[in-house]
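Coordinates in review
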Amino acid sequence: MGILEVKNVGKRFGGLQALSDVNLSVQENTVHAIIGPNGAGKSTLLNCFVGKLIPDTGSVMFNGQSVLGLKPHQINQMGISRVFQTPEIFGDLTVMENVMISCFAKRDGAFRMHPFETVAHERDIVEQAEQMLTDVNMIDKRHMHAASMSRGDKRRLEMAMCLAQEPRLLLLDEPTAGMARADTNNTIDLLKEIKEKRDITMAIIEHDMHVVFSLAERITVLAQGTPLVEDTPENIKGHPKVKEAYLGEAA
Amino acid sequence: MKMLGLSQRDTTFLLIVVFLTLVTPILLQPFPEGSGMATFNAGYPDLMQRFAIFGIFAIGFNILFGLTGYLSFGHAAFLGVGSYSVVWMYKLLGYNVVPGILLAVIVSALFALLIGYVSLRRSGIYFSILTLAFAQMSYNLAYSVLTPLTNGETGLQVYTNDPQVLMGENSPTSPHFFGIVMNESAKLNVGGWEFTFNNGYYFCAIVAILVFYLSLRIFRSPFGLMLRAIKTNQTRLNYTGLNSRPYTLAAFVISGMYAGLAGALMASMDPLAGAERMQWTASGEVVLMTILGGAGTLMGPILGAGFIKYFENIFSKINDNMLHQWFAWMPDGIEDFLIGLSHFFVGKSWHLTLGLLFMLVVIFLPGGLVEGGQRIAKAVRNRRSKGDGAEAQTQPAE
Ligand SMILES: Nc1ncnc2c1ncn2[C@@H]1O[C@H](COP(=O)(O)OP(=O)(O)OP(=O)(O)O)[C@@H](O)[C@H]1O
Ligand SMILES: [Mg+2]
């Protein structure tokens, strides 16, 4: 049994069958990559895990519990965090505040009325957030306005926010999209480090094969809304079906 | 020095606000009586009361709009609810304002819970329209089916045959706080200056300081942080495991209670309540105050409320006689032309002036008067530190 079990998931947008018959099992403490050409349905699939979309058919079980019909915040509180294709952060707040919000969400749950406490007096939250920022090498940027940072830093911050929640499953949608080579390598190092330091399962969508082969332990290839193959990176590399999906009939 | 759970900076800030509030009757009378400039004095009890009351209204509105970004166009409804509650307590119990104010805050909280629960199912413009619809509904109900409660167009007031069960032989016959009568004042004459220290103003001022302190605490709390997060990126908030709905609802109810309190104080100064207080123009006014002063900042709403109420007073007081005096030195044709032109901007037409001022501020100072103040402070600091190349660090807005 994987920590995430996806059975027969299908999703239709009007006339477009974006997903059909998707079966997928993500094992605990592995990095599972989902690859596939543009429009293959990768983001759509991820959206079905986090409560953004509800699939038309099939089931999605996390840790033995169905997530279908739950709100995004409920699914997050179960232990799934998500990094978006374009970084979603609190742009008007400081880097430190961004991470502290994650720490509060972990400690206090989805809602807590605490109008007369003071953020600055929450020692443990401040310490946790600082530790997290140190871990991702952003501690010197903690007073910066999040919106004013480079895209690479925003991505890094978003990851820090997700990690601060100590999720059991981290979903990453193209974490290196639009990044320069150096930033990409930094991100790979960061993810490797995270993997070594804590027990965490990751499902990662990525176009950059360098990233995929540096990190993934299992790979699922998605094409036109259905999984083609699922295997280890070594076996995927030379797989004829994969070449076909990526390069078209000509290959 | 640190006080009341505030940081050093906030303590200083609070003390400055307290000081300014207490000396307002002196600060607002800079010109001697009878001098030409006396028109620009603002140290009159009813005007100062309005500063404090609209300050409270705007501080509360800012907790919703400034922090979460949800723009309500219906907050005047709570103002009306607050006033009616107080007058009812006068009628039933007596002229002590305390029971009425408590009732007003409770009733407006319940009201806000209902309106907020429904309106917050939508965001953006739809939320604004829903709140506006609720407020207009309340306004119309107050004039129609609810007349037994509101006394319709006449407005709710105290009559001699009202029960007033707590009224003793010697109780004051106008609103009071345990015997301190609101409309009584002490006057102080120094040279040509006259200062009026009005009980009602000080009552409102002390309440205003208390609720300002509360809003300061809310701004600095984890709750306040979540509200600001809602304004920046609600998607991220939800995917971080936080449920934005109860947070926005709590902010809505708190700001509704502030508005109810403001309405209660209006009726505490003048024992009347009318439905016109619930009209959409009153809802719009608090929006203007908050934006003009600086939404999302602590001082902004207070500055905005003071600014609008001050200029409303000045501009609506200007009449033909004064205009003739001012322009008398000009040739006749030009004088008449200028007076004619001024008619668009003064007296009853002062809203045009307000509109222009508002446009200027929004275009040139999107952060409101607070941003203006910060720019001046920064310019001064830069001039002082010129040469050593020290770049003034940008501070989060106060
Ligand atoms: N909300 C939506 N409404 C309608 N069509 C959608 C919606 N979301 C996605 N689609 C369509 O579904 C298909 C799959 O999209 P999806 O974003 O999942 O692809 P992807 O594999 O993530 O591609 P990319 O690599 O470009 O990110 C696309 O054809 C897309 O246009
Ligand atoms: Mg995608």
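This is a predicted model, so every value here is computed, not measured.

**Brief notes about the confidence of the model for chain B**
All names here are of chain B. Of the residues in chain B, 96% have a pLDDT of 70 or more, and the chain-wide mean is 91. At the level of individual helices and strands, chain B shows its lowest average pLDDT in helix α13 (residues 320-327), which scores 79, and its highest in helix α10 (residues 244-269), which scores 98. Across residues 389-397, where pLDDT falls below 50, the model places ten contacts with residues more than four positions away in sequence or in other chains. Across the interface, the model reports ipTM at 0.93; the global pTM reads 0.92.

**Details of the coordination of the magnesium ion (ligand 2)**
For the magnesium ion (ligand 2), the full set of protein donor atoms is S43 of chain A (OG) and Q85 of chain A (OE1), and the range of their distances to it is 1.9 to 2.7 Å. One end of the pair, S43 of chain A, is in helix α1 (residues 42-50); the other, Q85 of chain A, is in the loop between β6 (80-83) and α3 (95-108), and 42 residues separate them in sequence.

**Quick look at the packing of aromatic side chains**
All names here are of chain B. The tally for this structure, following the rule as stated, stands at 19 aromatic pairs over all chains. Measuring from centroid to centroid gives 5.2 Å for Y201 and Y202, while their planes differ by 70 degrees, and the two rings are edge-to-face. With relative accessibility at 21%, the residue Y202 sits in the partly exposed group. For the ring pair F315 and W350, a centre distance of 6.3 Å and an interplane angle of 20 degrees mean the geometry is stacked. Here F315 is found in helix α12 (residues 300-317), whereas its partner W350 is found in helix α15 (residues 350-364), with 35 residues between them in sequence. In this structure, F315 and W350 share a single accessibility class: buried.

**Remarks on the environment of K42 of chain A**
All names here are of chain A. Looking at where K42 falls in the secondary structure, it is placed in helix α1. It is 9.9 Å that separates the C-alpha atoms of K42 and E174, two residues lying 132 residues apart in sequence. What K42 contacts, discounting residues up to four positions off in sequence, is I34, I35, G36, P37, I205, H207 and L222. A distance of 3.1 Å separates a polar atom in the side chain of K42 from the backbone oxygen of P37.

**A short note on the pattern of salt bridges**
Under the criterion given, the structure shown has 27 salt bridges over all chains. When the shortest N-O distance is used, the salt bridge between R50 of chain B and D46 of chain B registers 3.3 Å. Of the two residues, R50 of chain B and D46 of chain B are both situated in helix α2 (residues 45-68); the distance of four residues between them amounts to about one turn of the helix. Take R50 of chain B: its relative accessible area is 26%, and that puts it in the partly exposed class. Via salt bridges that share partners, R107, D108, R112, E117, E122 and D124 of chain A belong to a single interconnected network.

**What about the packing of helix α11 (residues 280-293) of chain B against α15 of chain B?**
Residues and elements named next belong to chain B. Interhelical geometry of α11 versus α15 gives an angle of 40 degrees and a closest axis separation of 10 Å. Crossing handedness for the pair α11 and α15: left-handed. Residues L288, I291 and L292 of α11 pack against L354, L357, F358, V361 and V362 of α15. Residue composition of the contact of α11 with α15, grouped by class: eight nonpolar, no polar and no charged.

**Brief notes about the interface of chain B and chain A**
Each partner contributes to the interface: chain B provides 27 residues, whereas chain A provides 38 residues. In total, chain B and chain A occlude about 2,800 Å² of area from one another, counting both sides; carbon and sulfur atoms represent 66% of this. Sorting the residues of chain B by area buried against chain A places P222, R236 and Y239 of chain B first, and these three jointly supply 26% of that buried surface. Summed over the shared surface of chain B and chain A, the result is two salt bridges. E97 of chain A is the salt-bridge partner of R228 of chain B, the closest N and O atoms lying 2.8 Å from each other. At the boundary of chain B and chain A, one finds 17 residue pairs in polar contact (both at pLDDT 80 or more). Elements with a contribution of two residues or more to the side of chain B that touches chain A: α7 (199-220), α8 (222-232), α9 (234-238) and α10 of chain B. When residues in the side of chain B that touches chain A are grouped by element, the largest group, seven residues, is from α8 of chain B.

**Let's talk about the packing of α12 of chain B against α15 of chain B**
Residues and elements named next belong to chain B. Packing of α12 against α15 brings their axes to within 9 Å, and their N-to-C directions diverge by 140 degrees. In terms of orientation, α12 lies oblique with respect to α15. As for how α12 packs across α15, the hand of that crossing is right-handed. Where α12 approaches α15, its residues F307, I308, F311, E312, F315 and S316 are matched on the opposing element by W350, T353, L354 and L357. Of the residues that constitute the contact of α12 with α15, the class distribution is seven nonpolar, two polar and one charged.

**Considerations on the state of the cysteines**
Throughout this description, disulfide means a covalent bond between two cysteine sulfur atoms. The full count for this structure, using the stated rule, is zero disulfides over all chains. Unpaired in terms of disulfides, C48 of chain A finds its nearest cysteine sulfur in C162 of chain A, a separation of 19 Å.

**Details of the UniProt feature "transmembrane region" (unreviewed entry) in chain B**
Residue and element names in this part refer to chain B. UniProt records the feature "transmembrane region" (unreviewed entry) at residues 12-31, 51-71, 99-118, 125-146, 200-219, 246-266, 286-305 and 352-373, using the numbering of this structure. Across residues 51-71 one finds 86% helix and 0% strand; the C-alpha atoms that close the span lie 22 Å apart. Measuring from the first to the last C-alpha atom of residues 286-305 gives 8 Å, for a span that is 70% helix and 0% strand.

**Some thoughts on the domain arrangement of chain A**
Residue and element names in this part refer to chain A. Per the domain assignment, the segments of chain A are domain 1 (1-79 + 167-251) and domain 2 (92-166). Each of domain 1 and domain 2 has a C-alpha centre, and these two points are 26 Å apart. Buried surface at the junction of domain 1 and domain 2, summed over both partners, amounts to about 1,400 Å²; 58% is from carbon and sulfur atoms. For the domain 1 face of the interface with domain 2, the top three residues by lost area are P167, L190 and R198, together amounting to 35%. On inspection of domain 1 and its partner domain 2, the count reaches two salt bridges. Among the ionic pairs, K197 bridges to D135, the shortest N-O distance being 3.9 Å. Looking at the side of domain 1 that touches domain 2, the elements that each hand over two or more residues are α2 (72-78), β7 (169-173) and α6 (181-197). For the side of domain 1 that touches domain 2, the element with the highest residue contribution is α6, accounting for eight residues. Residues that form the side of domain 1 that touches domain 2 fall into these classes: ten nonpolar, five polar and seven charged.

Criteria and thresholds
- Residues numbered from 1 in each chain as written.
- Chains lettered and ligands numbered in written order.
- Predicted model: local features only at pLDDT ≥ 70, side-chain atom pairs only at ≥ 80, totals over all residues.
- Heavy atoms only, no water.
- pLDDT = per-residue confidence, 0-100.
- Helix = DSSP H or I, 4+ residues; strand = E, 2+ residues; numbered from the N terminus.
- Contact = heavy atoms within 4.5 Å.
- Donors = N, O, S within 2.8 Å, 3.2 Å for Na, K, Ca; no water.
- Phe/Tyr/Trp six-rings, centres within 6.5 Å; stacked < 30°, edge-to-face > 60°.
- Buried < 20%, exposed > 50% of the residue type's maximum accessible area, 1.4 Å probe, protein only.
- Polar contact = N/O pair within 3.5 Å; in protein donor to acceptor, adjacent residues only side chain to side chain.
- Salt bridge = Lys/Arg side-chain N within 4 Å of Asp/Glu carboxyl O.
- Axes fitted to C-alpha atoms, helices over the stretch in contact; angles between N-to-C directions.
- Left-handed = near helix turned anticlockwise from the far one by under 90°.
- Nonpolar A, V, L, I, M, F, W, Y, C, P; charged D, E, K, R; others polar.
- Buried area = accessible area lost by both parts, 1.4 Å probe.
- Parallel < 35°, antiparallel > 145°, perpendicular 65-115°, else oblique.
- Disulfide = S-S within 2.5 Å.
- UniProt positions renumbered as here; feature names shortened; annotations may be inferred.
- Domains from an automatic or database assignment.

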